[in-house]
Amino acid sequence: FPMSMRFTMYPIIGELVYGPLGDMIEVLSILCTIFGICTSLGLGAMQINKGLVRLDLGTYHGQDYFGCDASGSCTGRAGIEVNRDTQCIIIVVISAFAIASVILGLKAGIAMLSQAAFILSFFILVGVLFLDETWYILNALTSTLGYYIWYLPRISFHTDAWEELGKASDGLGGAPDGRGGLKGWMNAWTIFYWGWWISWGPFVGTFLARISRGRKLGNFIIASLILPSFWSFIFTGVFGAAQIRISRQAESAGLDMSDAAHTYGSLADKNVIGWNTVGEDGVARWNPVPDGVVRLYNLATEDVIFEHLCYYGTHEFATLMTVLTLICIVLYFVTSSDSASYVVDIFAANGVEEPPTIQKVFWGCTEGVAAIALLLSADEENPSVALNAVKAIPIVLGLPFTFLLFWMCQALMLVCSEESGKLPIDRKNFKTFVFNFELSSLISIPAPFIHAGQVGTKVWGGNPIVYMAGFASMWVVTIVFFCLAAADEAFLSLAAAMYFVFAFAIGGMRTAARAKLGITGDMVSDAMAGLFAYPWAIGQMAKEDFSSSSLQSVLKGKEADEATA
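Residues numbered from 1 in each chain as written. Predicted model: local features only at pLDDT ≥ 70, side-chain atom pairs only at ≥ 80, totals over all residues. Heavy atoms only, no water.

Visitor: Go over the overall build of the protein chain, please, and point to the residues and values.
Guide: Looking only at helices and strands, one finds 18 helices and two strands in the protein chain. When its C-alpha atoms are laid out on the principal axes, the protein chain stretches across 95 × 60 × 50 Å. A total of 565 residues make up the protein chain; the buried ones form 40% of that total. Carbon and sulfur atoms provide 67% of the accessible area of the protein chain, an area that totals close to 30,400 Å². Distance between charge centroids for the protein chain: 10 Å, based on 32 positive and 47 negative side chains. (Helix = DSSP H or I, 4+ residues; strand = E, 2+ residues; numbered from the N terminus. Buried < 20%, exposed > 50% of the residue type's maximum accessible area, 1.4 Å probe, protein only. Areas by Shrake-Rupley, 256 points an atom, 1.4 Å probe, with all protein chains shown as cover. Lys, Arg positive; Asp, Glu negative; His and termini not counted. Charge placed at Lys NZ, Arg CZ, Asp CG, Glu CD.)

So this is what it looks like as structure tokens:
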């Protein structure tokens, strides 16, 4: 198959991948990739903008040193500011480098930039490990890895259920003692990162498949899941452990974040902020807080990494580390953008692995323009609106792609079963796809009980009137409860509950129909078909031939498969 996202669904929808349904999968994948990388460009531009401003002002330990007048007001050497215009310029520059990289090709451009970014980030990582309390960080990594493995099953199911009830004063059942966690963590972090990662799924998955052709599935899983996870754990573990230590050091010294003098050790009163340290001789001596100590929690997100690196050395050292960090960030965003452009080119070219150069330029420009549009969607006075817009896009696009991702997982299991011989490739399927334009499907939209009753008789036997009456009673009760919701909203919940009963009855009938017809599948898919596509699921079953001769051929086919096995 061509290197195209639509063909991941071939084990499920077959030749329909060549039609409008396949086009929809491709379009959704392109949108997810474009706006997923836009989120990264937008957030990255804000981080890079802050780093450039710090270099321009010569910021060190909370103070600015360049371009300052007698009143202490500093404008910097070049007058760089944190604003949308600067961030848009940053995106243009990153996009230009990305376009140049993708034009050079996979090996000459994308691979070299990726390797340079990794080497530089590895250098910074090991540098922090050696500059900080090395043994402490190594112990912290070991301990937290153990805690992570221990807690992973638990936290995988954690949903902040009680925190989402809010404070006790909200009246929804929040913690009466006021000691419960704050509401909003799941939305601000978990849901956002889910959407962001899922929106990167089409691009990263296709890119990894492109550079991993010919390798075994086990090696691919190790190289694309296990090793990157381990690298992320080490990277965040080293920086996280160091920053936790610095923050606790600042807190124990008395930096309470009440103002700048109680946030930065360099601005603190050395006679008040510090520690009474008892020496080996038993005598307490006053140790003032060092200049590099800072309450990182009180800083803006974009400042944390730079103030952290300032902790370890002089002003010149801090400038060097800031420059290296900015270069590393730029390289990572360039290599992300060029990889995304390369993959979108492949999607838009129907899987052609070396699309035309002009198309590469077009998609590289599109990514940059889309990111700039998101940043410009907010007022200059309210930059948080732009940040919220940037963060909302992957959630919006990630939701529909999540369902597509579920089907892709199912398709992967099917194709692996086919490759291993557990499932015959030419196995029997329904005559029509679950989404179809059969007359019975159209009739089932307003009156599903008619054909559902007929199918029930074919599947289970008995009088069709009985099945029609059963499905009709559930359908009518659902509609009645829905109408009564105009007077009392509580009936809306009852209508939803009855609809679930009806939908799962349809799903159960589909499971029984598959078993009788000898069609492979699973109960979860049947339940989802009944819940989200009940008229088409009914029409799909109504199209099948349940006659004795047809069932006899199914039985013979099963016996032949068993004999072959």
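Visitor: Go over helix H17 (residues 534-542) with me, naming the residues and quoting the values.
Guide: The buried fraction of H17 amounts to seven of the nine residues, a majority that puts the element mostly inside the structure. Contacts made by the buried residues of H17 are with helix H12 (439-444), helix H13 (448-460), helix H14 (464-484), helix H15 (490-517) and helix H16 (523-532). (Contact = heavy atoms within 4.5 Å.)

Visitor: How would you summarise the state of the cysteines if you had to cite specific residues and measurements?
Guide: Evaluated as defined, the whole model comprises one disulfide. A disulfide bridge connects Cys68 with Cys74, and the sulfur atoms are separated by 1.8 Å. On the sign convention where negative is left-handed, the bridge of Cys68 and Cys74, at about 100° about the S-S bond, is right-handed. On the basis of relative accessible area, Cys68 is assigned to the partly exposed category, the value being 35%. Free cysteine: Cys365, not disulfide-bonded; nearest cysteine sulfur from Cys38 at 12 Å. The structure places no disulfide on Cys409, whose sulfur is separated from the nearest cysteine sulfur, that of Cys416, by 11 Å. (Disulfide = S-S within 2.5 Å.)

Visitor: I'd like a rundown of the side chain of Thr33, residues and numbers included.
Guide: Secondary-structure assignment places Thr33 in helix H2 (residues 20-57). Residue classification places Thr33 among the buried residues on the basis of a relative accessible area of 1%. A polar atom in the side chain of Thr33 sits 2.9 Å from the backbone oxygen of Ser29. (Polar contact = N/O pair within 3.5 Å; in protein donor to acceptor, adjacent residues only side chain to side chain.)

Visitor: Can you break down the pairing of strand E1 (residues 274-278) residue by residue, with the values?
Guide: Strand direction decides the pairing type here: E1 and strand E2 (residues 284-288), joined by five bridges, are antiparallel. Bridge assignment links Asn276 to a residue of E2, and that residue is Trp286. Between E1 and E2, which pair antiparallel one after the other, the connecting turn spans five residues, and Gly282 there sits at a positive phi close to 85°. (Pairing = 2+ DSSP bridges.)

Visitor: Explain the pattern of salt bridges residue by residue, including any values.
Guide: For the structure on display, the rule yields eleven salt bridges. Salt-bridge contacts for Lys270 lead to Asp291; the nearest nitrogen and oxygen are separated by 2.7 Å. One end of the pair, Lys270, is in the loop between helix H7 (217-253) and E1; the other, Asp291, is in the loop between E2 and helix H8 (301-310), and 21 residues separate them in sequence. Across the salt bridge formed by Glu438 and Lys543, the nearest N and O atoms sit 3.9 Å from each other. Of this pair, Glu438 sits in the loop between helix H11 (383-420) and H12 while Lys543 sits in the loop between H17 and helix H18 (548-564), and the two are 105 residues apart along the sequence. Among the charged side chains, a salt-bridge network with shared partners connects Lys50, Arg54, Asp303 and Glu307. (Salt bridge = Lys/Arg side-chain N within 4 Å of Asp/Glu carboxyl O.)

Visitor: Summarise the packing of helix H4 (residues 106-131) against H7; cite the residues concerned and give the values.
Guide: One way to put it is that H4 packs onto H7 with a least axis distance of 10 Å and a crossing angle of 40°. If you check the angle between H4 and H7, you find them oblique. Classified by chirality, the crossing of H7 by H4 is left-handed. Residues Phe118, Ser121, Phe122, Ile124, Leu125, Val128 and Leu129 of H4 form the contact with H7, whose own contacting residues are Trp231, Ile234, Phe235, Val238, Phe239 and Ala242. (Axes fitted to C-alpha atoms, helices over the stretch in contact; angles between N-to-C directions. Parallel < 35°, antiparallel > 145°, perpendicular 65-115°, else oblique. Left-handed = near helix turned anticlockwise from the far one by under 90°.)

Visitor: Outline the packing of helix H3 (residues 84-104) against H4, supporting the account with residue identities and numerical values.
Guide: Contact geometry of H3 with H4 gives a least axis separation of 5 Å together with a crossing angle of 125°. Overall, the two elements H3 and H4 adopt an arrangement that is oblique. Across the interface between the two elements, Ser101, Val102 and Leu104 from H3 touch Ala108, Gly109, Ile110 and Leu113 from H4. Here the contact of H3 with H4 is composed, by residue class, of five nonpolar, two polar and no charged. (Nonpolar A, V, L, I, M, F, W, Y, C, P; charged D, E, K, R; others polar.)

Visitor: Describe in detail the packing of aromatic side chains, supporting the description with residues and values.
Guide: According to the stated counting rule, one finds 33 aromatic pairs in the structure shown. Seen in terms of ring centroids, Phe118 and Phe122 are 6.3 Å apart; in terms of plane orientation they differ by 20°. Their pairing is stacked. Linking Phe118 with Phe122, this pair stays in helix H4, spanning four residues, or about one helical turn. Consider the rings of Trp475 and Tyr534, whose centres lie 5.3 Å apart with planes at 50°: the pair is tilted. Pair noted here: Trp475 is in helix H14 and Tyr534 is in helix H17, with a separation of 59 residues, a long-range link. Among the residues examined, Tyr534 registers a relative accessible area of 11% and is labelled buried. One aromatic cluster in this structure is built from Trp185, Trp189, Phe192, Tyr193, Trp196 and Trp197. (Phe/Tyr/Trp six-rings, centres within 6.5 Å; stacked < 30°, edge-to-face > 60°.)

Visitor: I'd like a rundown of the nonpolar core, residues and numbers included.
Guide: Counting residues in hydrophobic clusters, the biggest one holds 87 residues, and the most contacted among them are Ile124, Val128 and Tyr342. Examining the composition of this core, we find that 14 residues originate from one element, helix H9 (residues 315-348), more than from any other. In this structure, Val459, Phe502, Ile506 and Tyr534 belong to the second largest nonpolar core, which totals 20 residues. (Core = buried A, V, L, I, M, F, W, Y, C linked by side-chain atoms within 4.5 Å.)

Visitor: Hey, could you go over helix H6 (residues 185-211) for me, with residue numbers and the actual values?
Guide: For H6, which comprises 27 residues, the first-to-last C-alpha distance of 37 Å matches the rise-based estimate of 39 Å (1.5 Å per residue) to within 8%. Of all bends in H6, the biggest is about 45°, found at Gly201, and the proline Pro202 comes one to four residues later. Every buried residue belonging to H6 is among Met186, Phe192, Gly195, Trp196, Ile198, Ser199, Trp200, Pro202, Phe203, Thr206, Phe207 and Arg210, and all of these are buried. (Expected span 1.5 Å × (residues − 1). Bend = angle between axes of the 7 residues up to and from the residue.)

Visitor: Account for the environment of Phe449, naming residues and giving values.
Guide: Within the fold, Phe449 resides in helix H13. Owing to a relative accessible area of 23%, Phe449 belongs among the partly exposed residues under this scheme. Along the chain, Phe449 and Phe502 lie 53 residues apart, while their C-alpha atoms are 10.0 Å from each other. When near neighbours in sequence (up to four residues on either side) are disregarded, Phe449 contacts Met468, Phe471, Ala472 and Trp475.

Visitor: Before we move on, could you go through a nonpolar patch on the surface and cite the residues and values that matter?
Guide: There is a patch of nonpolar side chains on the surface, built from Leu399, Phe403, Phe406, Trp407, Phe435, Phe500, Phe504, Val524, Met528 and Phe532 and spanning about 1,100 Å² of accessible area. Among the elements of the structure, H11, H15 and H16 are those that each provide at least two residues to the nonpolar patch. With four residues, H11 is the largest single contributor of residues to the nonpolar patch. Turning to its location among the elements, Met528 is positioned in helix H16. (Patch = residues over 30% accessible without salt bridge, like charges linked within 9 Å, V, L, I, M, F, W, Y side chains within 5 Å.)

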